[in-house]
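Spelled out, the chains give:
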Amino acid sequence: MAQALATTIIDAPVETVWAVLRDFNGMPVWNPGVTQSTIEDGRDSDSVGCIRAFTLADGTFVRERLLALDDSRYHMAYNFETPAFPVENYLAVLELIPVTNGNKTFVRWQASFDEGAGDKGKYAALISKTVFAGGLKALAAHVAKHGAQPADAQRWQGLRPAKVFTSSVIHAPVASVWEKMRDFAGMKHWHEDIPQMEMIGGVRADKVSGVRDFIFGEGQLHEQLTFLSDRDHAFRYRILKSPMPWMNYHAGAQLYPLTDTGHTFAVWTADWVAAPGDDLELIPNVHENVFQKAFDTLDRQLS
């Protein structure tokens, strides 16, 4: 199965960018590659299952069906009903993630599909560069000129993604950032407040179920690795021992490549149970002094 991907950072809040993208019939407004578009059967453009019929600048007629639309996670999925290219099983996803360090927006446009036997790599490259990367560049230009914050904008409608949500751009390739972050005992090298960190029992740092032991501030912590993925550039862990007044602490990070710059978009989240009064201190402390400080240090070391 072939994959197409383009990602970028747009200098606008996620609500502003989503207000443009969530209109399944709105591509002619921001994408010069689309000349006209209509929703079939008079349905609304945010009606899941609706089909948009549109014409490309070269005259190609295309039909796509909306498969999923999520206003709480800024996510859209669709497929081909009348393909723009000779591919099969086409599934595309547009996803926005807020950048908390600067109030910008990470945009990820990707698709999976099957190419013909003689077309290996042809349409993956074409869709990645011409359709997705070109479309995101046009989207950024449109938002810069015409984007507006919706009057009723409310981030994380419905359930929040986590108590702490921290995201930032690291000016280095994903491979370089991941090489440092995947070492579960290596945070002592990229967080100035953690001078020592070791794996209990001398186990490997990539052993899922392994526990790291370290001092943070005046307290000792034990954290257990619960998930590690080199494919997704992601890990998760839970706290087994901590002086902090919380329970059921789970956290994790994931890295995304920025295809237009070669840099990295990093997200780190955490959830736990604590008294509301304690959270007033715990939430900003984890956001600023743990996650964002770690991202800032990695950015300085690698950029």
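Quick summary incoming for the structure in this document. Just so we're clear, the structure is a prediction, and the values are computed from it rather than from any experiment.

### Overview of the environment of Asp152
Summarising the element assignment, Asp152 is placed in the loop between helix 3 (122-146) and strand 8 (164-170). Taking C-alpha positions, Asp152 is 33 Å from Ala234, a pair spaced 82 residues apart along the chain.

### With respect to the sheet that holds strand 1 (residues 2-10)
Read across the sheet, seven strands follow the order 1-7-6-5-4-3-2 without closing on themselves; strand pairing throughout is antiparallel. With partners counted over all chains shown, the strands left at the sheet margins are strand 1 and strand 2 (34-39), one partner each. For this sheet, the mean inter-axis angle between neighbouring strands, taken without regard to orientation, is 20 degrees. In terms of strand pairing, strand 3 (residues 51-56) meets strand 4 (residues 61-70) through five bridges, oriented antiparallel. By the bridge assignment for strand 4, Thr55 is matched with Phe61. Here helix 1 (residues 14-21) sits on the sheet in contact with strand 1, strand 4, strand 5 (75-82), strand 6 (88-99) and strand 7 (104-114), set at roughly 150 degrees to strand 6. Helix 3 contacts strand 1, strand 5, strand 6 and strand 7 of the sheet and is inclined by roughly 20 degrees relative to strand 1.

### Regarding the nonpolar core
Here is a general trend for soluble globular proteins: nonpolar side chains tend to be buried in one another's company. Ranked by internal contacts, the top residues of the largest apolar core, which has 50 residues, are Val17, Leu21, Tyr90, Phe113, Phe132 and Leu139. It is helix 3 that contributes the most residues to this core, seven residues altogether. Apart from the residues within four sequence positions on either side, Tyr90 is in contact with Tyr78, Asn79, Phe80, Ala111, Ser112, Phe113, Ile127 and Phe132. Counting residues in hydrophobic clusters, the runner-up holds 40 residues, among them Phe184, Tyr237, Trp246 and Ala274.

### Overview of the packing of helix 1 against helix 3
When two helices pack together, their arrangement is given by the angle between their axes and by how far apart the axes lie. Packing of helix 1 against helix 3 brings their axes to within 11 Å, and their N-to-C directions diverge by 115 degrees. Accordingly, the angle class assigned to the pair helix 1 and helix 3 is roughly perpendicular. Viewed along their axes, helix 1 and helix 3 form a crossing whose handedness is right-handed. Contacts between helix 1 and helix 3 pair Thr16, Val17, Val20 and Leu21 from the former with Leu139, His142 and Val143 from the latter. Across the contact of helix 1 with helix 3, the residue classes tally to five nonpolar, two polar and no charged.

### Description of the sheet that holds strand 14 (residues 264-273)
Hydrogen bonds along the backbone pair up the strands of a sheet, which may run parallel or antiparallel. Taken in spatial order, the seven strands of this open sheet run 8-14-13-12-11-10-9, and their pairing is antiparallel. Bordering the open sheet on either side are strand 8 and strand 9 (197-199), each of which pairs with just one other strand. Taken pair by pair, the neighbouring strands of this sheet meet at an average axis angle of 20 degrees, ignoring direction. Note: strand 12 (residues 234-241) against strand 13 (residues 247-257), five bridges, orientation antiparallel. For Arg236, the partnering residue across the bridge sits in strand 13 and is Gly252. Packed on one face of the sheet, helix 4 (residues 174-181) meets strand 8, strand 11 (219-229), strand 12, strand 13 and strand 14 and runs near 155 degrees to strand 13.

What counts as what
Residues numbered from 1 in each chain as written. Predicted model: local features only at pLDDT ≥ 70, side-chain atom pairs only at ≥ 80, totals over all residues. Heavy atoms only, no water. Helix = DSSP H or I, 4+ residues; strand = E, 2+ residues; numbered from the N terminus. Pairing = 2+ DSSP bridges. Axes fitted to C-alpha atoms, helices over the stretch in contact; angles between N-to-C directions. Contact = heavy atoms within 4.5 Å. Core = buried A, V, L, I, M, F, W, Y, C linked by side-chain atoms within 4.5 Å. Buried < 20%, exposed > 50% of the residue type's maximum accessible area, 1.4 Å probe, protein only. Parallel < 35°, antiparallel > 145°, perpendicular 65-115°, else oblique. Left-handed = near helix turned anticlockwise from the far one by under 90°. Nonpolar A, V, L, I, M, F, W, Y, C, P; charged D, E, K, R; others polar.

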